[in-house]
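Below, each chain spelled out in residue letters.
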Amino acid sequence: MSHHRKEITHSREAEAKIEIGHTEITRPLKHLLFWPFILTIFLIPSIQIVLEIMDANDGEYLGINTFQMFQNSEKSLRDREKPKSSQGGNSLLESKLFESNRSLLKRINDYEKNLEDSSILRNGILPWAQKFLIETLSTGTEEVYLGLDDWLFYRLDFESVVGPGFLSPQWILKRKNSAKSPGSEPSPDPLPAIIDLKNQLEKRGIALIVMPTPVKFTVEADKFAPESGKSFPIHNASYGDFINRLEENGVIVFDSADYLMRLKKERPDGIYLKTDTHWRPETVSYIASELARFIKEKNLIDSTDSQSYQYKKSSKEIVNSGDIARLFKAQDALSGKFSEKVEIAQVLDGVKNWKTKKKSRILLIGDSFTNIFSLEGMGWGDSAGLAEQISFAMKEDMDVLSRNDAGAFASREMLALEIRHGNDRLEGKKLLIWQFSERELVFGDWKIIPLEKGDELKGEREFFVPQGSASLEIAGIISEISPAPRPGTVPYKDHIVALHLIAPESGEASGLSGKDLVVLTWSMRDNVWTNAARLRPGEKVRIKVSDWKNYESKYGSYNITLPEDEELVFAPFCWAEEINK
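Residues numbered from 1 in each chain as written. Predicted model: local features only at pLDDT ≥ 70, side-chain atom pairs only at ≥ 80, totals over all residues. Heavy atoms only, no water.

*Asks:* Help me out: how do you make sense of the pattern of salt bridges in this one?
*Replies:* Two side chains bearing opposite charge may form a pair once their charged atoms approach each other closely. With the rule as written, the count across this model stands at 25 salt bridges. Salt-bridge contacts for Glu282 lead to Arg267; the nearest nitrogen and oxygen are separated by 2.7 Å. In this pair, Glu282 sits in helix α12 (residues 281-297) while Arg267 sits in the loop between α11 (256-266) and α12, placing the two residues 15 residues apart along the sequence. With a shortest N-O distance of 3.4 Å, Asp399 and Lys429 are connected by a salt bridge. You can see Asp399 sitting in strand β9 (residues 399-402) and its partner Lys429 sitting in the loop between α15 (410-420) and β10 (431-437), a full 30 residues away along the chain. Each member of the pair, Asp399 together with Lys429, is buried. Here the salt bridges share partners, and the residues they tie into one network are Glu220, Asp222, Lys223 and Lys264. (Salt bridge = Lys/Arg side-chain N within 4 Å of Asp/Glu carboxyl O. Helix = DSSP H or I, 4+ residues; strand = E, 2+ residues; numbered from the N terminus. Buried < 20%, exposed > 50% of the residue type's maximum accessible area, 1.4 Å probe, protein only.)

*Asks:* Explain the pairing of β9 to me, please; I cannot follow it from the model alone.
*Replies:* The side chains of a regular strand alternate between both faces of the sheet. Alternating residues of β9 divide into Asp399 and Leu401 and Val400 and Ser402, and every residue in both groups is buried. For strand β8 (residues 362-366) and β9, the ladder comprises four bridges, and the chain directions are parallel. Counterpart to Leu363 in the pairing with β9 is Asp399. (Pairing = 2+ DSSP bridges.)

*Asks:* In this structure, what is going on with the packing of α11 against α12? I would like to understand it.
*Replies:* Any two packed helices are characterised by how steeply their axes cross, that is the angle between the axes, and by the distance between the axes. Between α11 and α12, whose axes approach to 10 Å, the crossing angle comes to 125 degrees. In terms of orientation, α11 and α12 fall into the oblique class. Between α11 and α12 lies a crossing whose hand is right-handed. Of the residues in α12, those in contact with Ser256, Tyr259, Leu260, Arg262 and Leu263 of α11 are Thr283, Tyr286, Ile287, Glu290 and Phe294. Here the contact of α11 with α12 is composed, by residue class, of six nonpolar, two polar and two charged. (Axes fitted to C-alpha atoms, helices over the stretch in contact; angles between N-to-C directions. Parallel < 35°, antiparallel > 145°, perpendicular 65-115°, else oblique. Left-handed = near helix turned anticlockwise from the far one by under 90°. Contact = heavy atoms within 4.5 Å. Nonpolar A, V, L, I, M, F, W, Y, C, P; charged D, E, K, R; others polar.)

*Asks:* Help me out: how do you make sense of the sheet that holds strand β7 (residues 352-353) in this one?
*Replies:* Whether parallel or antiparallel, the strands of a sheet pair through hydrogen bonds between backbone atoms. If you walk across this open sheet you meet the three strands as β5-β6-β7, and the pairing is antiparallel. Of all strands in the sheet, those with a lone pairing partner are β5 (311-321) and β7, marking the two edges. The sheet contact formed by strand β6 (residues 339-349) and β7 spans two bridges and is antiparallel. Bridge pairing links Leu348 to Asn353 in β7.

*Asks:* It is not clear to me how the packing of aromatic side chains should be interpreted in this structure. Could you clarify?
*Replies:* Geometry of an aromatic ring pair is reported as the spacing of the ring centres plus the angle between the planes. Inspection of every chain in the model, using the stated rule, returns 28 aromatic pairs. Ring geometry for Tyr239 versus Phe242: centroids 6.2 Å apart, planes at 45 degrees, classification tilted. Of the two residues, Tyr239 and Phe242 both sit in helix α10 (residues 239-248), three residues apart, roughly one turn of that helix. The burial state of Tyr239 is the same as that of Phe242; both residues are buried. Their ring planes at 85 degrees and their centres at 5.8 Å tell us that Trp522 and Trp575 sit as a pair that is edge-to-face. You can see Trp522 sitting in strand β14 (residues 515-525) and its partner Trp575 sitting in strand β18 (residues 573-576), a full 53 residues away along the chain. Assigned by exposure class, Trp522 and Trp575 land together as buried. Ring-pair connections join several aromatic residues into one group, and the members of that group are Trp522, Trp548, Tyr551, Tyr555, Tyr558 and Trp575. (Phe/Tyr/Trp six-rings, centres within 6.5 Å; stacked < 30°, edge-to-face > 60°.)

So this is what it looks like as structure tokens:
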């Protein structure tokens with residue numbers, strides 16, 4: 001019986017192998033499977049190449065770009081400053097090989113991103129696919145999670161809350177290993193940077209308040225999952241330990257999450273914007289009032305005579321789609337679905353809009369949570385942001401340095417730049433308030449930044465800046481350019497990059513020989529790349545530059561990515577409205 005079963009089993013296995021090995025496909029089926037596959041892999045790239053060749057405005061089509069990617073890398077390396085002669089021959093060769101490899105890998109990566117962004121298949125189908133997913137299936141996208149009643153949540157905000165603890169050794173090691181090149185490792189632990197700033201300020205008799213600002217999911221989780229976070233904030237696993245360790249080191253923390261949850265009981269419909277990563281205008285006013293009360297209770301600043309106090313408020317209605325909604329490729333088709341109306345409370349100084357006062361006793365440094373309702377380019381109005389509301393609540397003038405995104409270091413970097421260039425924004429200050437998004441605790445670069453004067457940080461290179469209000473046309477070779485975000489991948493629509501130009505030439509100015517330029521310019525406007533975003537090291541450009549100081553008050557709060565080289569970060573900047581090759 002057993003032998004008979006083995007024969008049956010064996011015969012069935014043999015029969016299956018025979019059938020698999022002799023699968024028959026009819027000729028019509030062969031053509032049906034073969035030709036659509038061949039057409040797909042050849043036709044779409046061919047159309048892509050033809051369209052790029054026909055794009056006379058851009059001039060960067062596939063065939064040229066591929067060769068330029070290698071040619072410009074080689075040229076860029078020839079134009080870079082050579083290593084010092086004191087190094088040995090092997091060190092010189094090793095340094096050049098590493099630099100060449102890093103430059104080539106960066107260009108390959110940039111080229112692949114550019115190709116993906118300009119893909120006719122992606123740009124033609126993705127908006128309609130997103131529209132179908134959102135409206136029909138009620139689901140989100142790679143970057144946007146769809147909550148209840150059309151509430152939108154940003155993926156990184158969500159991951160910063162539910163992901164690993166940001167102080168865990170495993171996460172810190174993972175962040176350090178995420179560096180794209182040697183020497184560019186981020187500083188993932190926020191504690192040393194915050195404690196260092198507190199110690200630097202103490203030496204000058206200035207108090208520090210640290211103000212971590214909750215991301216949307218922390219206080220509005222019930223708009224994503226009904227039974228979550230109705231009565232308590234949901235923080236990252238390391239947040240409690242983080243606050244305790246700050247307080248153990250004498251750092252004063254204004255933990256706004258507790259205050260926000262109190263406000264939420266009064267406003268269950270929402271204290272953050274439905275389509276944006278930021279809080280509502282009435283939430284800003286509430287937090288500013290609570291912070292003013294906190295400062296008074298802690299006796300962090302002496303009371304002032306308010307007889308000359310001139311500030312008043314004026315209401316204004318704003319209709320806009322938030323930064324999360326703008327991440328949709330189908331935002332034009334969905335604009336009506338994800339627009340919302342708010343009423344902001346603008347702070348006025350007499351009949352004029354509120355302005356920062358550099359000689360005030362309080363300095364606020366912050367990120368986009370400070371800029372929202374203050375920076376008009378964000379689409380939510382102006383003169384109604386965090387600084388304005390704190391100033392109104394305290395009946396006191398304020399100084400502000402803020403920049404969208406990168407709250408872990410950008411605002412401190414702005415402060416250090418001001419001090420380096422002889423404009424000491426800490427002079428006469430009694431209190432510094434540091435606001436940053438809690439997302440930065442997980443993904444930010446918490447590098448230590450010395451607040452030192454310029455003569456203590458002199459570099460080897462000389463930099464050129466036009467004097468006064470003059471504008472000069474200059475040609476130069478790009479030695480380095482900071483990365484530009486891809487449109488639709490970040491929750492802001494405008495971005496500024498920095499170009500390091502070498503070998504500058506101009507028929508309008510003398511004294512350029514041997515000097516470099518660091519030029520800031522738009523890389524993205526209203527979620528569309530400019531010419532500057534497509535530039536690469538080694539290319540020669542012609543630009544009209546002015547002194548950045550003439551534009552800093554207007555554009556300084558927008559998201560800016562600076563070079564990794566510290567000497568370039570602290571160099572005097574030029575500004576260019578547009579770039580021409």
